[in-house]
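# Chain and residue survey
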Amino acid sequence: MRNQNFIDRDKLYGLLENNAPTEEQLNSILNKARELHGLNLEDVAKLLCVEEEKDIQKILDTAEYCKNEIYGRRLVLFAPIYTGNACVNNCVYCGFRKDNHALKRKVLTMEEIEQETLHLLRMGHKRALLICGESPRNNTDYMVDAIRHTYAVRDEKGSSIRRINVELAPMTVEDYAKLKAEKIGTYVCFQETYDPIEYAKFHPAGTPKGDYLWRLTCMDRAMEGGIDDVGIGVLFGLVDYRFEILAIMEHARHLEEDYGCGPHTVSFPRIEPAEGTPFSLPENIPHPVSDKDFMKIISIIRIAMPYTGIIISTRERPEMRDQLVKYGVSQISAASETNPGGYDEDAGSPTEESAIPSSSKKKHSAAKPYEKTGSTGAQFTLGDHRSLDEVISMMIDGGYIPSFCTGCYRKGRVGADFMDLAKPGLIKEYCKPNAMFTFREYLEDYASPATKEKGLRLLKELTNTFSKEELKRRVEGNLCKIGEGQRDLYF
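Each chain has its residues counted from 1, running along the sequence as written. Totals for whole chains, interfaces and linings use all residues, but because this is a predicted model, local features are given only for residues with pLDDT of at least 70 and pairs of side-chain atoms are given and counted only at 80 or more. Each side-chain value is worked out from all heavy atoms of the structure, with water and hydrogens disregarded.

## Observations regarding the packing of helix 12 (residues 291-304) against helix 13 (residues 318-327)
Here, axes are lines fitted to C-alpha atoms. For helices the fit covers the stretch in contact, and angles between N-to-C directions go from 0 to 180 degrees. Think of it this way: any DSSP run of H or I at least four residues long counts as a helix, any run of E at least two long counts as a strand, and we number them from the N terminus. The interhelical angle for the contact between helix 12 and helix 13, taken along N-to-C directions, is 30°, at an axis separation of 9 Å. Our classification of the angle between helix 12 and helix 13 gives roughly parallel. Considering only the axes of helix 12 and helix 13, their crossing is right-handed. Along the contact surface, helix 12 presents Asp291, Phe294, Met295, Ile298, Ser299 and Arg302, while helix 13 presents Met320, Gln323, Leu324 and Tyr327. Each residue gets one of three labels, nonpolar for Ala, Val, Leu, Ile, Met, Phe, Trp, Tyr, Cys and Pro, charged for Asp, Glu, Lys and Arg, and polar for the others, Gly among them. Of the residues assigned to the contact of helix 12 with helix 13, the class counts are six nonpolar, two polar and two charged. Convention used here: angles under 35 degrees read as roughly parallel, angles over 145 as roughly antiparallel, angles from 65 to 115 as roughly perpendicular, and any remaining angle as oblique. Crossing handedness is defined as follows: a turn of the near helix away from the far one that is anticlockwise and smaller than a right angle gives a left-handed crossing, while the clockwise case is right-handed. Contacts are assigned to residue pairs with any non-hydrogen atoms lying within 4.5 Å of each other.

## Quick notes on the side chain of Thr193
For Thr193, the location among the structural elements is in the loop between strand 4 (186-188) and helix 8 (196-202). Each residue's exposure class comes from its accessible area (1.4 Å probe, protein chains only) as a fraction of the maximum for that residue type: buried when under 20%, exposed when over 50%, partly exposed otherwise. Its relative accessible area of 0% is what places Thr193 among the buried residues. Reaching out from Thr193, the side chain makes a polar contact with the backbone nitrogen of Asp195 at a distance of 3.2 Å. Residues contacting Thr193, with those up to four places away along its chain left out, are Glu198, Tyr199, Phe202, Tyr212, Leu238, Val239 and Glu244. Think of a polar contact as two N or O atoms within 3.5 Å of one another; within protein, one of them needs to be a possible hydrogen donor and the other a possible acceptor, and neighboring residues in sequence only count if both atoms come from side chains.

## Examining unusual backbone geometry
Its identity is not glycine, yet Glu192 carries a phi of approximately 75°, on the positive side. You will see that Asp488, though not glycine, has its phi angle at about 60°, which is positive.

## Observations regarding helix 4 (residues 53-71)
In this analysis, the expected span of each helix is defined as 1.5 Å times one less than the number of residues it contains. Compared with an ideal rise of 1.5 Å per residue, which puts 19 residues at 27 Å, helix 4 spans 26 Å between its outermost C-alpha atoms and is within 8% of the ideal. Positioned one or two residues after helix 4, Gly72 has a phi angle of 60°, which is positive.

## A word on the side chain of Arg440
Tracing the backbone shows Arg440 in helix 17 (residues 428-445). With sequence-adjacent residues up to four places away left out, Arg440 is seen in contact with Leu456, Leu459, Leu479, Ile482 and Gly483.

## Comments concerning the pairing of strand 2 (residues 127-132)
Regular strands place their side chains on alternate faces of the sheet. For strand 2, the tally of buried residues reaches six of six residues, placing the bulk of the element in the interior. The alternating pattern of strand 2 places Arg127, Leu129 and Ile131 and Ala128, Leu130 and Cys132 on opposite faces, both of which are buried. Looking at chain direction, strand 1 (residues 74-84) and strand 2 are connected through five bridges and run parallel. Bridging from a neighbouring strand, Ala79 pairs with Ala128 of strand 2. Whether a crossover is right-handed depends on one test, that the path from the first strand over the helix to the second runs clockwise when the strands point away from the viewer. Considered for its hand, the β-α-β crossover made up of strand 1, helix 5 (residues 110-123) and strand 2 is right-handed. Judged from the five bridges that link them, strand 2 and strand 3 (residues 163-167) form a sheet pairing that is parallel. When the sheet's bridge partners are listed, Ala128 is paired in strand 3 with Ile164. Read from strand 2 through helix 6 (residues 140-152) to strand 3, the crossover connection turns out right-handed. Strands are labelled as partners when DSSP assigns at least two bridges between them.

## Things to note about the confidence of the model for the protein
If pLDDT is low for a region, its predicted coordinates should not be looked at in detail. Note on scores: pLDDT gives the predictor's confidence for each residue, bounded by 0 and 100. Taken residue by residue, the protein gives an average pLDDT of 90. The fraction at 70 or more is 91%. Note on residues 346-375: pLDDT under 50 across the span, and 66 contacts to partners over four residues away in sequence or across chains.

## Some remarks on the environment of Val289
With respect to the element layout, Val289 can be found in the loop between strand 6 (265-267) and helix 12. Given the relative accessible area of 11%, Val289 is considered buried. Residues Val289 and Val239, 50 residues apart in the sequence, show an inter-C-alpha distance of 9.6 Å. Beyond its immediate chain neighbours, meaning those up to four positions away, Val289 contacts Phe236, Gly237, Tyr241, Arg270, Phe294 and Ile297.

## What about the nonpolar core?
Counting residues in each nonpolar core, the largest one holds 149 residues, and the members touching the most others are Leu179, Tyr187, Tyr194, Ile248 and Phe268. No other element matches helix 11 (residues 241-259), which puts nine residues into this core. For Tyr194, the residues in contact, after removing those within four places along its chain, are Ile7, Tyr212, Leu216, Ile232, Val234, Phe243, Glu244, Ala247, Ile248 and His251. For our purposes a nonpolar core is just a set of buried Ala, Val, Leu, Ile, Met, Phe, Trp, Tyr and Cys residues, chained together by side-chain atoms within 4.5 Å.

## Digging into the packing of aromatic side chains
Each aromatic pair joins two rings of Phe, Tyr and Trp (for Trp, the six-membered one) with centres within 6.5 Å, and gets the label stacked for planes under 30 degrees apart, edge-to-face for over 60, and tilted for any other angle. For the structure shown, the criterion picks out nine aromatic pairs. With 5.2 Å between their ring centres and 80° between their planes, Tyr199 and Tyr212 make a pair best called edge-to-face. Of this pair, Tyr199 sits in helix 8 while Tyr212 is found in helix 9 (residues 212-216), placing the two residues 13 residues apart along the sequence. Side by side, Tyr199 and Tyr212 carry an identical accessibility label, which is buried. Within the aromatic cluster, the residues linked to one another by ring pairs are Phe404, Tyr442 and Tyr446. Positioned above the aromatic ring of Tyr446 is the side chain of Lys157, whose terminal nitrogen or guanidinium carbon lies 6.0 Å from the ring centre. Lysine and arginine charges are scored as sitting over a ring when NZ or CZ, respectively, is within 6 Å of the ring centre and within 35 degrees of the ring normal.

## Some words on the pattern of salt bridges
Any carboxyl oxygen of Asp or Glu that lies within 4 Å of a side-chain nitrogen of Lys or Arg is treated as forming a salt bridge with it. One pass over the structure, following the stated rule, counts 32 salt bridges. With its nearest N and O atoms 3.8 Å apart, the salt bridge here joins Lys11 to Glu250. Linking Lys11 in helix 1 (residues 9-14) with Glu250 in helix 11, this pair joins segments that are 239 residues apart in sequence. One salt bridge in this structure joins Arg253 and Glu250, with 3.0 Å as the shortest N-O distance. In this pair, Arg253 and Glu250 are both assigned in helix 11, three residues apart and thus about one turn of the helix distant. Each of Arg270, Asp291, Glu316, Arg317 and Glu319 takes part in salt bridges that share partners, so that together they form one network.

So this is what it looks like as structure tokens:
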């Protein structure tokens, strides 16, 4: 099982040859999508070949329908904590690559991770993604320790990170079991590109990441290690985006067939220029994905895999992110920093990967969105520099419910159990109220006065949308309790 290559390269590229749908075929596929049961590989291949503006708009409209039917107006928020940028790999697109000698290397101590966590809590975050380069220093035992320290932090209001997801290099079944024991949420790992020939060009042999099959089968080992929820993705811009979408479909099918549950999330990063890489200039990106095509492919995944979470990071510009939440995106990072220690002025000065004593605490300037990677140790250029409060203000203006909910993780509604509730539409009875509860917490504890005022108005409007009187009373009751000081209420 672990050595199985389920990506048929020739088959997937073959499906993209002269495969544009007729108007009748397009309408049939989109009508099928509105039944909310997903699409097959052949359907998706036809949609990927659509180029006419009016036909793309039909896809976008269908995605908007599916998004609203399943996710409603809620939008999950999180932030990454980069624990280290030391890396033994030499991926040609990444600022962390081994041969980028301009990069200032740093691996955070546990005290520094606590400080990063504290900064996120003071913004109002409740969900964190721990992420790092691949190196002996960032091994599984280090990450287990980092998870424990992150969960243990409390801010002045008593808030803590309620769920940690991790984005880590492939590992053994035994190591995945260690992560599961620490109560992680979703394990995330991107294939970067599913094209095995092109993969070898971007990931030099002789490094751990040079092993295509080891990376391709990491989700198999994660699930064998007991992890219920996994997140997949590619780095768009390396090869033809249409091939990558079909490969994501195949990966989801493989997990569904062999483990009973497809991916919990799919991420959509586009290559951003990174200093010290061959792609430091936009014109050097091999297969750039236009904004038009980017909106199309996210919409296609939304209707093809309707119950899967779609994630967009702060790589994207604010105006693009604000549009994408309409057509499929269900989770976004906010107020992110992509360098270790980036949230905290006192996280310590960059050091080499050698042993870092926890007492080594030197002052340095807070790392901000950067112009040159070497100045801060960041992985890539940020596109969205807004604060969490500014992002939430935008969401309120659009009628969206900012959600920090972690109720399903802690109630055990994960993996196949989550999908069993999601597919018949039962999960809505939990998700919307829980999102509202965490939103009320944010408004009471962290929001600016202007954001709080309009957020409370939105909550009042949302409460009146519940058709079941008993549910409406329970929601009203919990919202009042939160206003009176109670916290962490969820169904």
